[in-house]
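# Working through the structure, step by step
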Amino acid sequence: VKEQGKNSFLFYTPEMDVVSLERLTLEHEMRNALLNNEYELYYQPQVEMNTERIIGMEALIRWNHPHKGRIPPGEFIPLAEESGFIVTLGEWVLEQACIQNKRWQDAGLPPIPVSVNLSVRQFEQKNLMEVVQEVLRRTGLPPQYLELEITETMTLDVDRASKVLSQLKQMGVSISIDDFGTGYSSLHYLKNFPIHRLKIDRSFVRDLEHDPNDAAIVSAIIALGHTMNIHVIAEGVENTGQLRFLQEHACDEIQGYYFSPPIPVPEIEMMLQDQLVS
Ligand code: C2E
Ligand code: CA
Ligand code: CA
Ligand code: CA
């Protein structure tokens, strides 16, 4: 079903740029989807290596389109970023994740932080601090249970960014670097920003067992993180071979299909519930 949209345009005419028409439609639908409650957050557990306990979870958006089925974020987040809609959508994600986490804590589940992806466009907003503060106030979630993930693709004004990130940290919110190692400024970020956690990008994890370069990069990132007193989590862990390597190199935490894919609320609730009794 997902492919239908792309393949249904059989004719191309110069007058009608199908690509931009498709984009325009999607953009319109994306905005309506918020009013129609078509977005949903899935949560992927983050697991502590030594204890195998869930110590965090990442909120990942899903779009349940009434006709096209589930549209993965990779297909609409980039467009949402281009059009600026991500600012509105990102605020919705932030609020939903905080509401949900507060609800779990109120229900007596073990309190753990939720990670929310922050788009560069949100970061550029002058009032980001106020938005975060306001959402925390409205939802009643204590700031230490919120983590914001930033990526190094963000071409940031370093001075402003370090000011904003320091303010967030002072508020009690944690900051992690997502997709670590894929951008141009990994080390720059580490040097200048108050970072709580590094997320090793899954492109380095995938072939870890067979590619000595990947293995070297991953072990170096872990060592670097530890020297700087920063937690290191590996993304995209899918098998025991990868797990063993990460264990041997003392990676603190893992996230990936090996443990669990992103799952809807009732399922993660069950996992958290299990953890309560075990
Ligand atoms: P990301 O932040 O790097 O999120 C991790 C992605 O890796 C997720 O894809 C997750 O499902 C996938 N993943 C997790 N474990 C494994 C694994 O073991 N193997 C493989 N192959 N993949 C794994 P997803 O949910 O499709 O999200 C894709 C991207 O869309 C995210 O990458 C993030 O950049 C963006 N995104 C998702 N939700 C949001 C959001 O609420 N706001 C913003 N700004 N971006 C979002
Ligand atoms: Ca992320
Ligand atoms: Ca990532
Ligand atoms: Ca990514």
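My aim in this report is to walk through the structure given alongside it, one point at a time.

Reading the values: rules and limits
Residues numbered from 1 in each chain as written. Chains lettered and ligands numbered in written order. Predicted model: local features only at pLDDT ≥ 70, side-chain atom pairs only at ≥ 80, totals over all residues. Heavy atoms only, no water. Helix = DSSP H or I, 4+ residues; strand = E, 2+ residues; numbered from the N terminus. Buried < 20%, exposed > 50% of the residue type's maximum accessible area, 1.4 Å probe, protein only. Contact = heavy atoms within 4.5 Å. Areas by Shrake-Rupley, 256 points an atom, 1.4 Å probe, with all protein chains shown as cover. Polar contact = N/O pair within 3.5 Å; in protein donor to acceptor, adjacent residues only side chain to side chain. Phe/Tyr/Trp six-rings, centres within 6.5 Å; stacked < 30°, edge-to-face > 60°. Salt bridge = Lys/Arg side-chain N within 4 Å of Asp/Glu carboxyl O. Donors = N, O, S within 2.8 Å, 3.2 Å for Na, K, Ca; no water. Lys, Arg positive; Asp, Glu negative; His and termini not counted.

## Re the overall build of the protein
Check the secondary structure of the protein and you find 12 helices and 9 strands. Seen through its principal axes, the protein has C-alpha atoms that stretch 60 × 45 × 45 Å. Taken over 278 residues, the protein has a buried fraction of 47%. Across the protein, contacts joining residues at least 24 apart in sequence account for 68% of those joining residues at least 6 apart. Total accessible area computed for the protein in this model is approximately 14400 Å², and 52% of it derives from carbon and sulfur atoms.

## Re helix α11 (residues 240-248)
Within α11, the full set of buried residues consists of Gly241, Gln242, Leu243, Phe245 and Leu246. Buried residues along α11 sit in contact with α9 (202-205), α10 (212-227), β8 (231-234) and β9 (253-254). For α11, the side-chain oxygen to backbone nitrogen distance between the N-cap and Gly241 is 3.1 Å, and the N-cap itself is Asn239. Downstream of α11 by a residue or two, Ala250 has a phi angle that is positive, lying close to 60°.

## Considering the packing of aromatic side chains
Applying the stated criterion across every chain, the model contains 6 aromatic pairs. Look at Tyr43 and Trp104: their rings are 5.2 Å apart centre to centre, the planes differ by 70°, and that puts the pair in the edge-to-face class. Of this pair, Tyr43 sits in strand β1 (residues 39-48) while Trp104 sits in helix α4 (residues 86-106), and the two are 61 residues apart along the sequence. The class of Tyr43 is buried, set by a relative accessible area of 2%. The class for Trp104 is buried, based on a relative accessible area of 3%. For the ring pair Tyr189 and Phe193, a centre distance of 4.9 Å and an interplane angle of 70° mean the geometry is edge-to-face. For the residue pair Tyr189 and Phe193, the accessibility class agrees, reading buried in each case. Grouping aromatic residues by their ring pairs yields a cluster made of Tyr39, Trp63, Phe76 and Trp92.

## A few points about the pattern of salt bridges
Within the structure shown, the criterion is met by 12 salt bridges. With a closest N to O distance of 3.6 Å, Glu134 and Arg138 form a salt bridge. With Glu134 and Arg138 both in helix α6 (residues 128-139) and 4 residues apart, this pair spans about one turn of that helix. Exposure remark for Glu134: the relative accessible area of 31% places this residue in the partly exposed category. With a closest N to O distance of 2.7 Å, Glu147 and Arg197 form a salt bridge. Residue Glu147 is found in strand β5 (residues 146-151), and its partner Arg197 is found in strand β7 (residues 197-200); the two are separated by 50 residues along the sequence. Judged on exposure class, the residue Glu147 and its partner Arg197 are both buried. Several salt bridges share partner residues, and in doing so they unite Glu58, Glu149, Lys199 and Glu235 into one network.

## Regarding the coordination of the calcium ion (ligand 3)
Within the protein, the atoms that donate to the calcium ion (ligand 3) are Asp178 (OD), Asp179 (OD), Glu235 (OE) and Glu235 (OE), at distances of 2.2 to 2.4 Å. Site description for the calcium ion (ligand 3): donor spacing in sequence, D-D-x55-E.

## Side note on the side chain of Glu38
Tracing the backbone shows Glu38 in the loop between α2 (18-35) and β1. Notably, Glu38 is buried but unbridged: the nearest opposite-charge side chain belongs to Lys68, and the N-O separation is 9.3 Å. Beyond its immediate sequence surroundings of up to four residues, Glu38 is in contact with Ala33, Arg62, Trp63, Asn64, His65 and Pro66.

## Thoughts on the coordination of the calcium ion (ligand 4)
Only Asp179 (OD) and Asp179 (OD) from the protein reach the calcium ion (ligand 4) as donors, at distances of 2.5 to 3.2 Å. In this model, the calcium ion (ligand 4) sits 5.7 Å from the calcium ion (ligand 2). Tracing the sequence through the fold places Asp179 in strand β6 (residues 174-180).

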